[in-house]
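Fold and geometry: a report
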Amino acid sequence: MASWRDALARTRRGLTGAWSRWISRPAAGRRETLDELEAALLGADVPVKLVAALLAETEPSPGRDADAVRDALARRLQEALAPARAFTWDVSRKPLSVMVVGVNGSGKTTTCAKLAHLARRRGLMPLLGAADTYRAAGAEQLRLWAGRVACDVVAGATGGDAAAVAFDALDAAHRRGADLLILDTAGRMHTRQPLMQELEKIRRAMGKRLDRAPDETWLVLDAALGQNAIAQARQFHQAVPLTGLVVTKLDGSSKAGFLFSCVPELQVPVLFAGLGESPDDLAPFDPAAFVDALLPADRATENAPA
Ligand SMILES: Nc1nc2c(ncn2[C@@H]2O[C@H](COP(=O)(O)OP(=O)(O)O)[C@@H](O)[C@H]2O)c(=O)[nH]1
Ligand SMILES: [Mg+2]
């Protein structure tokens, strides 16, 4: 699996130069390099208010070295990611059902397969539901991925009713004694009301088969969008109550700092992160590892770009 540090190299790169110039100054001269540090943090899409709080932490004070400042920044950043919740694969009531939503290309299908893979590695039996009935390739793509992670798929006809597929997939999961149903849905623009309303219809269909379903509704967000992902998240959260976020493509983004505004604003935790393209590259979200990987290490271990 890709490491958090490798995946976040792009976002960190922007900060590294500014940080190393900041710490290489004697404490009294550091103020002059603060503007650069501020610009780098804003460039990573860390929200303005948090940047101000972070810069306040860099105020020189006797006995406070660069390591102490780094620790203080890390603490502040981690606090900004509350509420944190680790997803526990609680399958005491089978099947646990997860509905996966998001815009086109955000990484839903890939994420569904990666989740099935994670579940299998924990000894659980997952089933995938292909409720992306808009495109002929929708179910096919999920099947291909499902083959890679050795998981069954329940699909309907192309152009069919996504809510009916959701019902059938949950029904199949129940009958087969699967631990978990992961339902892939079609990509939809958050600004298109009829498509957003369909999500509620899919939810209701699941609820008809099993009262409490779906247990989880997760929004997949492409980290490359940075701050722009927040408008998307807001709209999806209005259409269907989200219980978690999955952030994909952290490895391709230089703006991973958007999570520090997204999580407090939505009050929805990040549960998983996509760190690469292989089936193993989905990690349970670890706020400490995320923050640590964002911050440059020190002069000794990381070379700053000129
Ligand atoms: N680098 C990288 N690529 C990803 C990640 N997650 C998804 N992708 C890629 O994003 C593209 C779109 O993914 P897909 O699952 O088809 O998106 P969907 O339209 O939301 O179902 C594919 O090329 C995936 O390989 C990730 O975490 N890292
Ligand atoms: Mg898809």
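Rules of the game
- Residues numbered from 1 in each chain as written.
- Chains lettered and ligands numbered in written order.
- Predicted model: local features only at pLDDT ≥ 70, side-chain atom pairs only at ≥ 80, totals over all residues.
- Heavy atoms only, no water.
- Pairing = 2+ DSSP bridges.
- Helix = DSSP H or I, 4+ residues; strand = E, 2+ residues; numbered from the N terminus.
- Axes fitted to C-alpha atoms, helices over the stretch in contact; angles between N-to-C directions.
- Contact = heavy atoms within 4.5 Å.
- Near = heavy atom within 4 Å.
- Polar contact = N/O pair within 3.5 Å; in protein donor to acceptor, adjacent residues only side chain to side chain.
- Areas by Shrake-Rupley, 256 points an atom, 1.4 Å probe, with all protein chains shown as cover.
- Nonpolar A, V, L, I, M, F, W, Y, C, P; charged D, E, K, R; others polar.

1. A few points about the sheet that holds strand S6 (residues 244-248)
The mixed open sheet is built from 8 strands, whose spatial order is S3-S2-S4-S1-S5-S6-S7-S8. Two strands lie at the open edges of the sheet, namely strand S3 (152-155) and strand S8 (282-284), each paired on one side alone. In this sheet, adjacent strand axes meet at a mean angle of 25° when their direction is disregarded. Relative to S3, strand S2 (residues 126-131) is paired through 4 bridges, and the arrangement is parallel. Bridge pairing in S3 places Gly-129 opposite Val-154. Across the sheet, helix H6 (residues 108-121) touches strand S1 (96-101), S2, strand S4 (180-185), strand S5 (216-222), S6, strand S7 (270-274) and S8, and the angle it forms with S4 is around 170°.

2. Here's the deal with the site of ligand 1
Within the structure, ligand 1 sits among 17 residues, and Gly-105, Lys-108, Thr-110, Asp-251 and Glu-277 are positioned closest to it. Interatomic distance of 2.9 Å between a side-chain N/O atom of Thr-109 and an oxygen atom of ligand 1. Within the side chain of Thr-110, a nitrogen or oxygen atom sits 2.4 Å from an oxygen atom of ligand 1. Burial of ligand 1 by the surrounding chains reaches 80%, relative to a free accessible area of 590 Å². Take the shell around ligand 1: its biggest share by element is 4 residues, from H6. Within the shell around ligand 1, the residues separate by chemical class into 2 nonpolar, 10 polar and 5 charged.

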